[in-house]
Amino acid sequence: MTALLVVLTVLALVVYGLERNHHRHARFGPRLAGSHDVDDRDLVRVSTELHAPADHPAPARPRVAARLSVRSV
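Residues numbered from 1 in each chain as written. Predicted model: local features only at pLDDT ≥ 70, side-chain atom pairs only at ≥ 80, totals over all residues. Heavy atoms only, no water.

A few words now on the overall build of the protein. If you tally the helices and strands in the protein, you get two helices and zero strands. Taken across its 73 residues, the protein has 0% of its residues classed as buried. As presented, the protein carries roughly 8,100 Å² of accessible surface, and 62% of it is formed by carbon and sulfur atoms. (Helix = DSSP H or I, 4+ residues; strand = E, 2+ residues; numbered from the N terminus. Buried < 20%, exposed > 50% of the residue type's maximum accessible area, 1.4 Å probe, protein only. Areas by Shrake-Rupley, 256 points an atom, 1.4 Å probe, with all protein chains shown as cover.)

What follows is about the pattern of salt bridges. Once the charged atoms of two side chains with opposite charge are near each other, the side chains can pair. Throughout the structure, instances matching the rule amount to two salt bridges. Taking the shortest distance from any N to any O, the salt bridge between Asp-42 and Arg-45 comes out at 3.8 Å. Within this pair, Asp-42 and its partner Arg-45 are both found in helix H2 (residues 41-55), separated by three residues, close to a single helical turn. According to the relative accessible area criterion, Arg-45 is partly exposed, its value standing at 42%. (Salt bridge = Lys/Arg side-chain N within 4 Å of Asp/Glu carboxyl O.)

This part is about a nonpolar patch on the surface. A cluster of nonpolar side chains, contributed by Met-1, Leu-4, Leu-5, Leu-8, Leu-11 and Val-15, occupies part of the molecular surface with about 640 Å² of accessible area. As for its placement among the helices and strands, Met-1 is situated in the segment before helix H1 (2-25). (Patch = residues over 30% accessible without salt bridge, like charges linked within 9 Å, V, L, I, M, F, W, Y side chains within 5 Å.)

Honestly, it's all geometry; don't read function into it.
Here's what the structure looks like:
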């Protein structure tokens, strides 16, 4: 019975603390929301980087002949 009362007391204190913290920080929400009318510079940068290889093809790599070596034991 005592353990049940202790658990309920701790649970009530946790709920009270969470609610108190929620109400304290709820007033900052609209000011920190930000705006949505800005240009997305990451989208422009990524699309430029993805199109860069098509604009500048890589130089042809010379072919290397395969060498086979046989070791005698």
